[in-house]
Amino acid sequence: MGLIRKKVLWVDDEIEFLRSHIMFLETRGYSVTPVFSGDDAIHMITEKPDDFDIVLLDEQMPGKGGLATLAEIKEMIPELPVVMVTKSEEEQLMEEALGRKIDGYLTKPVNPSQILLVCKRLLHSKEIVSTKLKQDFGRSYSANRDLLQERMDNNDWIMLYKNLVKWDIELENIKDEGIRQAHIGQKSDANKHFSEFIVAKYMFWCKAQRKPPVLSPQILDNYVIPHLKSKEKVFFIVIDLMRYDQYLIINPLLKKFFHLENFFYYSILPSSTEFTRSSLLSGLFPSEIVKRFPKLWKKTIKTAINSNNTDIVNEGILLENKLSESGFKPEETMHYIKLTDESNDTEIWNTIKQHDDKRLIVIDVDFFDMFIKGHATSKVLQEIAPDEIAFRKLTASLFERSRIYKILKKLASQDCIVIFTACNGACLCTRGTEFYGDAVSNDNLRYRFGNKITCDERYAYFLHEPHRFNLPQDTTETSYVVLKENFHFINHDIYKNYNEQYINTFQHGGISMEEIIVPLAVMTPKYF
């Protein structure tokens, strides 16, 4: 508690019988002023309104009673904590005291430890929590630092990422800038190591070597099709660009209506929606899609690059093919819905009900996608959500009012399984690096592909011979460049304007934990 003694005003007409309690508090660092009546208490607070940190108030006293005294204290100093101490356990009395904004309630006889506990809770809880939080953070920081020195596997990275995101949220309200900067530094260091890990492993994962994690093309086989084979009704909901921290923020909203089982998987590269969503919904790597559906793939990529909105018919066809190969009749099994900002709530729900005979309803939601793309181009959004903390808070508010949440609440009363996930996440980019060459994908700031393209090799993963990474290759000179950590591309000929526009914006397509490690929840309704 430091050198500053908290000051207690104790009001009780039998205060002489509480000398042992007063001495106990004073030995614990409190300064106690005893008074015998409500009038005395009001007089002292009027004379010295800043002199007390808490009031312990007897309810039954001659003259001005406890409730009347409470009302006057709260009228003078609403923020002054008042604890009612009474012999009565009547519910009506408790409700009246609570209605007058009492801060604590104790029933006589009270022991000194009870008094100490309520004083600590009301006067020192923030300090105690902050101290405990700092101690816990110190231990976690050391454990993470040691882990980063070891040879980590796929699951180690997931556990580390979960821990770092947990501290992102825990430290939001901590004023100690030193601790926050230490955490930011460790997270940046972790993303650097994670990029190196992906560079060393990813090509082998594409060949199913070196114990690969679950990747985008395996989600249908691992999480969706088994439920369909068990004759269950499945809603497969894909939220574009949902990061794990955003999932944690909306988690309490989901828990109101569903039981959740949480999982993770790794996105393919590039971790950009035009690649990851097609892979997720087809069960194929991009190069496999090109071989089997060459015209479909070219149309999908062209549409994605030119209009920034992948053609939903293409992905519906890919999904139908996967279901057919898995032994289902797509026309009898599945319906695909694209939920956009222009979608009408009633029409969407009516569509769901019209296809009630289908065992699989896929809902593709661009909720985060629209928000993140808007953040990259809108100065207003950048001012509203200038950092990840503000971004998370805005996420929770918007999701609670979203169409997809309204649909989820309705599904909570249905006999179904909901698979809730994303294609990939997004990274807050704070550093720029120049790009040179002619790229097919000129708009994406985290990856490029084309012929004779280059950038600073320190910040990028060069995917030469793309077929080795299960990516399409138009010519023998085609290659991909995927940025690491939190870098974004800058066209060298318009460096200044480009950097000012896109610095501190959310982008996707690169290598960071936020983009690659994707949350997935299997949700069962609570109210069916």
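In short, a report on the structure.

**So, the nonpolar core**
One recurring pattern in soluble globular proteins: nonpolar side chains tend to sit buried together.
Next up, step 1: Formed by 101 residues in total, the largest nonpolar core has its most connected members in Trp157, Phe236, Tyr266, Ile363, Leu408 and Phe420.
Next up, step 2: Sort the elements by how many residues they give to this core and helix H7 (residues 177-205) lands first, with 7 residues.
Next up, step 3: Not counting residues within four places of it along the chain, the set of residues in contact with Phe420 comprises Ile237, Ile239, Met242, Tyr247, Ile250, Leu254, Phe399, Leu408, Pro519, Leu520, Ala521 and Met523.
Next up, step 4: Counting residues in each nonpolar core, the second largest holds 20 residues, with Trp10, Ile22, Leu56 and Val118 among its members.

**Considering the packing of helix H2 (residues 38-47) against helix H3 (residues 66-76)**
Next up, step 1: Axis separation between H2 and H3 bottoms out at 10 Å; the angle between their running directions is 10°. The orientation of H2 relative to H3 falls into the category roughly parallel. For the pair H2 and H3, contact is made by Gly38, Ala41, Ile42, Ile45 and Thr46 and by Thr69, Glu72, Ile73 and Met76, respectively.
Next up, step 2: Here the residues of the contact of H2 with H3 are counted per class, giving 5 nonpolar, 3 polar and 1 charged.

**Overview of the pairing of strand S1 (residues 6-11)**
Next up, step 1: For S1 and strand S2 (residues 30-35), the ladder comprises 6 bridges, and the chain directions are parallel. Residue Trp10 lies in a different strand from S2, and its bridge partner there is Pro34.
Next up, step 2: This β-α-β element, S1 to helix H1 (residues 19-27) to S2, shows right-handed connectivity.

**Here we look at the packing of aromatic side chains**
Next up, step 1: Within this structure, the stated rule accounts for 25 aromatic pairs.
Next up, step 2: With 5.8 Å between their ring centres and 50° between their planes, Tyr161 and Tyr244 make a pair best called tilted. Separated by 83 residues along the polypeptide, Tyr161 in helix H6 (residues 154-170) and Tyr244 in helix H9 (residues 244-255) bring together distant segments of the chain.
Next up, step 3: Plain terms: the ring middles of Tyr459 and Phe487 are 4.0 Å apart, the flat faces sit at 20° to each other, and that makes the pair stacked. Within this pair, whereas Tyr459 is found in the loop between strand S13 (447-455) and strand S14 (460-463), its partner Phe487 is found in strand S16 (residues 487-491), the two being separated by 28 residues in sequence.
Next up, step 4: Cluster of aromatic residues (ring-pair linked, three or more members): Trp157, Phe194, Phe197, Tyr202, Trp205 and Tyr266.
Next up, step 5: A cation over a ring is seen here: Arg210 above Phe204, with NZ or CZ 3.6 Å from the ring centre.
Next up, step 6: When the ring centre of Phe435 is taken as reference, the NZ or CZ atom of Arg448 above it lies at 4.8 Å.

**Here's the deal with the pattern of salt bridges**
Next up, step 1: Counted under the stated rule, the structure contains 26 salt bridges.
Next up, step 2: For Arg292, the salt bridge is made with Glu325, and the minimal N-O distance between the two is 2.0 Å. Here Glu325 lies in helix H13 (residues 312-325) and Arg292 lies in helix H11 (residues 286-292), a separation of 33 residues in the sequence.
Next up, step 3: Taking relative accessible area as the criterion, Arg292 reaches 40% and is therefore assigned partly exposed.
Next up, step 4: Between Asp364 and Lys338 there is a salt bridge, with its nearest N and O atoms 3.4 Å apart.

**Side note on the sheet that holds strand S8 (residues 334-339)**
Next up, step 1: Across the sheet, 6 strands lie side by side as S7-S18-S10-S6-S9-S8; this open sheet has mixed pairing. Across the chains shown, the open sheet's two edge strands, defined by having one partner strand only, are strand S7 (258-266) and S8. For this sheet, the mean angle separating the axes of adjacent strands, direction not counted, is 15°.
Next up, step 2: With 9 bridges connecting them, S7 and strand S18 (residues 517-525) associate as antiparallel partners. In the sheet register, Phe258 faces S18, and the bridge partner there is Pro525.
Next up, step 3: Against the sheet, helix H10 (residues 273-282) makes contact with strand S6 (234-239), S7, S8 and strand S9 (360-365), and its axis sits at roughly 170° relative to S6, the strand it touches most.

**Let's talk about H2**
Next up, step 1: Buried within H2 we find Gly38, Ala41, Ile42 and Ile45. Projected down its long axis, H2 shows its buried positions confined to an angular sector of 95°, all on one face.
Next up, step 2: On its buried face, H2 sits against S1, S2, strand S3 (54-58) and H3.

**Topic: the state of the cysteines**
Next up, step 1: Inspection of every chain in the model, using the stated rule, returns 0 disulfides.
Next up, step 2: The thiol sulfur of Cys429 is not disulfide-bonded, and the nearest other cysteine sulfur, from Cys427, lies at 4.5 Å.
Next up, step 3: Owing to a relative accessible area of 0%, Cys429 belongs among the buried residues under this scheme.

**Quick notes on helix H15 (residues 345-354)**
Next up, step 1: Buried within H15 we find Ile348, Trp349 and Ile352. When H15 is viewed along its axis, its buried side chains cluster within an angular range of 95° and face the same direction. In H15, the exposed positions angled more than 90 degrees off the buried face are occupied by Glu347 and Gln354.
Next up, step 2: Buried residues along H15 sit in contact with S6, S8, S9 and helix H19 (403-411).

**Quick look at the side chain of His335**
Next up, step 1: As for its placement among the helices and strands, His335 is situated in strand S8.
Next up, step 2: Polar contacts involving the side chain of His335 include one to the side chain of His355, which spans 3.2 Å.
Next up, step 3: Not counting the four nearest positions on each side in its chain, His335 is found in contact with Thr351, His355, Lys358, Leu360, Ile361 and Val362.

**A closer look at the sheet that holds S3**
Next up, step 1: Spatially, 5 strands are ordered S2-S1-S3-S4-S5 in an open sheet, and the strand pairing comes out parallel. Looking at strand neighbours, the two that pair on one side only are S2 and strand S5 (104-107), the edges of this open sheet. The mean inter-strand angle of the sheet, taken between neighbouring strand axes irrespective of direction, is 20°.
Next up, step 2: H1 contacts S1, S2 and S3 of the sheet and is inclined by roughly 155° relative to S2.
Next up, step 3: Strand contacts of H3: S3 and strand S4 (82-86), with the helix running at about 180° to S4, the strand carrying the most contacts.

Cut-offs applied
Residues numbered from 1 in each chain as written. Predicted model: local features only at pLDDT ≥ 70, side-chain atom pairs only at ≥ 80, totals over all residues. Heavy atoms only, no water. Core = buried A, V, L, I, M, F, W, Y, C linked by side-chain atoms within 4.5 Å. Buried < 20%, exposed > 50% of the residue type's maximum accessible area, 1.4 Å probe, protein only. Helix = DSSP H or I, 4+ residues; strand = E, 2+ residues; numbered from the N terminus. Contact = heavy atoms within 4.5 Å. Axes fitted to C-alpha atoms, helices over the stretch in contact; angles between N-to-C directions. Parallel < 35°, antiparallel > 145°, perpendicular 65-115°, else oblique. Nonpolar A, V, L, I, M, F, W, Y, C, P; charged D, E, K, R; others polar. Pairing = 2+ DSSP bridges. Right-handed = clockwise from strand over helix to strand, strands pointing away. Phe/Tyr/Trp six-rings, centres within 6.5 Å; stacked < 30°, edge-to-face > 60°. Lys NZ or Arg CZ within 6 Å of the ring centre and 35° of its normal. Salt bridge = Lys/Arg side-chain N within 4 Å of Asp/Glu carboxyl O. Arc of directions from axis to C-beta. Disulfide = S-S within 2.5 Å. Polar contact = N/O pair within 3.5 Å; in protein donor to acceptor, adjacent residues only side chain to side chain.

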